[in-house]
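As a plain string of letters, each chain reads:
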Amino acid sequence: MAGEEENSEFYLRYYVGHKGKFGHEFLEFEFRPDGKLRYANNSNYKNDTIIRKEVYVTPAVVRECRRIITESEIMKEDDQNWPEPDRIGRQELEIVMGNEHISFTTSKIGSLVDVQGSKDPEGLRIFYYLVQDLKCFVFSLISLHFKIKPI
Amino acid sequence: MANADVEAVDFEPEEDDLMDEDGAVDAEPSASPRAPLPKLKSAITGASASLSAPKKTKGRGFREDPNAERNTRLAVSDLDSLNASDGLEPQRSIEGWIILVTGIHEEAQEDDLQNVFGEFGEIKNLHLNLDRRTGFVKGYALIEYENFAEAQAAISRMDGDSILTQIVNVDWAFSNGSFLDGSKKKNPRQLRDRRSRSPPRRRF
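Along each chain, residues carry numbers from 1 onward, in the same order as the chain's sequence is written. Chains and ligands are labelled by the order in which they are written, letters from A for the one and numbers from 1 for the other. Two thresholds apply to this predicted model, a pLDDT of at least 70 for residue-level local features and 80 or more for giving and counting side-chain atom pairs, whereas whole-chain, interface and lining totals are computed over all residues. Just so you know, side-chain values use all the structure's heavy atoms and leave hydrogens and water out.

As recorded in an unreviewed UniProt entry, chain B goes by RNA-binding protein 8A and comes from Rubus argutus. UniProt positions are given in the numbering used here, feature names are shortened, and annotations may be inferred rather than shown by experiment. UniProt, in its Sequence similarities (unreviewed entry) section for chain B, records the words "Belongs to the RBM8A family."

The name given to chain A in an unreviewed UniProt entry is Putative Mago nashi protein, and the organism recorded there is Rosa chinensis. Looking at the Sequence similarities (unreviewed entry) heading of the UniProt record, one finds this comment for chain A: "Belongs to the mago nashi family." Per UniProt, chain A has the following entry under Subcellular location (unreviewed entry): "Nucleus".

Printed below as a string of structure tokens:
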């Protein structure tokens, strides 16, 4: 399990949310450098609910997460020309890998149409798919471990 | 996007309390003396403060901080962690033991995994997630067995073996503690290499 790569720093955080008539509704997860996976999901829709979960994952899980990020090549992108967060919502993606640290923000992306219409469709598309792949990974981990349905 | 259709599954009435506690519980005291960074930086100060090389930073997140409360959003009580303690052992999940298979061929089917991993016990759950862009298998699977021994056998037998001509790695998904030394501030070590036990996790 031990390998060179685990010694280099890793941190991932993703947030998507907005503040509206149901309060601050958001979904957020992070992988911390020590392997702790934290997950929070808040919606005040219909009734007040918040889900917060955390669990330690193994280096193997972190390694897979790093692979997904590395292969996406998101670290080469820049959010400069992405849509600014707005009243509809915001997304934040923060990643530390090795000596690189990105902290991107943008609006919510409804579909690929939004991506195509943006000023940086190539970069935004990478973000769009990476976020889905990461969410998919995290939702599987959380739902299998805690037996909850994340969304 | 995703949380438009959030479904209520769990209920935590003490949100405000948890948020208040977070500073004391979670914040590492070693705030970086370097240039002011977003609040969220504090989540990683434990490790980053010890690194001498400055990071290459990129993104608007570094020049705005409209979400000053972001550090509290993930605050959680110890109750929500399953037995987080100081050993490094596989962590049992609510209904069984989860293993992670990586290096899976992009054209693999659930049946391929079912055939291979069903050998070691009944598979209670199998997630073979797809790459959202290509529609092919992303490359990993999460498999749940009811018993520790079944999961352990799958790991022992299949780690480094091949499925559809591709070498796969198989390991536990969850651990009952940090894989860094609990008292790490400067030189994070693999937990298994450490010489002495660090103090138990702070409870309060």
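Moving on from the model shown.
A. Quick peek at unusual backbone geometry. Positive phi, close to 60°, is recorded for A:Glu73, a residue that is not glycine. Positive phi values are uncommon outside glycine, yet B:Thr165 reaches one of about 65°. Here a strand is any run of E in DSSP of at least two residues, a helix any run of H or I of at least four, and the numbering for each starts at the N terminus. Structurally, B:Thr165 is set in the loop between strand E5 (162-163) and strand E6 (166-167). B:Thr165 gets classed as exposed once you look at its relative accessible area, which sits at 76%. Relative accessibility under 20% of the residue-type maximum defines a buried residue, over 50% an exposed one, and the middle range a partly exposed one, all with a 1.4 Å probe and only protein chains included.

B. Summary view of the sheet that holds strand E2 (residues 97-102) of chain B. Strands are treated as partners if at least two bridges between them are detected by DSSP. Across the sheet, four strands lie side by side as E3-E4-E2-E7 (chain B); this open sheet has antiparallel pairing. On the outer flanks of this sheet lie strand E3 (123-127) and strand E7 (169-172) of chain B, each paired with one strand and no other. In this sheet, adjacent strand axes meet at a mean angle of 20° when their direction is disregarded. In this sheet, strand E4 (residues 140-145) of chain B lies alongside E3(B) in antiparallel orientation, the contact comprising four bridges. Bridging across to E4(B), B:Asn125 finds its partner in B:Glu144. Across the sheet, helix H2 (residues 59-72) of chain A is in contact with E2, E4 and E7 of chain B; its angle to E2(B) comes to roughly 40°. What makes two residues a contact is simply this: any of their non-hydrogen atoms within 4.5 Å. Note on geometry: axes are C-alpha line fits, over the in-contact stretch for helices, and angles between N-to-C directions span 0 to 180 degrees. Packed onto the sheet, helix H4 (residues 121-146) of chain A meets E2, E3 and E4 of chain B and runs at close to 5° relative to E4(B).

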